[in-house]
Amino acid sequence: QFWRFLEAYFERVFSSEALQAKTVLGVAVTVDAFADVLRESILAFKDAAPQAQTFSEAMSTSTLLLARDAALRALRQCLRAQGASG
């Protein structure tokens, strides 16, 4: 009984409807890009001194990283499609 309850709970909590990807400037942050975006954000604000990046620069860097991630995902998908077609 407990295991059925636990399974039903996990299905409800971790369903695709319950979990929504976070976005930065309208682009979903994927698992592959999260570490890079987080690292750049930390570096941008680590000292909060004049040499730190401005918010605009940090957002620009994050956008570039997300674009790189989207390009890599498209490339992987294309390579998989070519591999599957023989």
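Before any of the text, the structure's been laid out above.
A quick note: this is a predicted structure, and the numbers were derived from the prediction, not measured.

## Digging into the packing of aromatic side chains
Now for step 1: Going through the model one piece at a time under the given rule, you end up with three aromatic pairs.
Now for step 2: Ring centres 5.3 Å apart and planes at 70° place the aromatic pair Phe2 and Trp3 in the edge-to-face group.
Now for step 3: Looking at Phe2, the relative accessible area reads 53%, which means it is exposed.
Now for step 4: Look at Trp3 and you get exposed, because its relative accessible area is 65%.
Now for step 5: Relative to Tyr9, the ring of Phe5 has its centre 6.5 Å away and its plane inclined at 20°; by these criteria the two rings are stacked. Of this pair, Phe5 and Tyr9 are both found in helix 1 (residues 2-13), four residues apart, which corresponds to roughly one turn of the helix.

Conventions we followed
Residues numbered from 1 in each chain as written. Predicted model: local features only at pLDDT ≥ 70, side-chain atom pairs only at ≥ 80, totals over all residues. Heavy atoms only, no water. Phe/Tyr/Trp six-rings, centres within 6.5 Å; stacked < 30°, edge-to-face > 60°. Buried < 20%, exposed > 50% of the residue type's maximum accessible area, 1.4 Å probe, protein only. Helix = DSSP H or I, 4+ residues; strand = E, 2+ residues; numbered from the N terminus.

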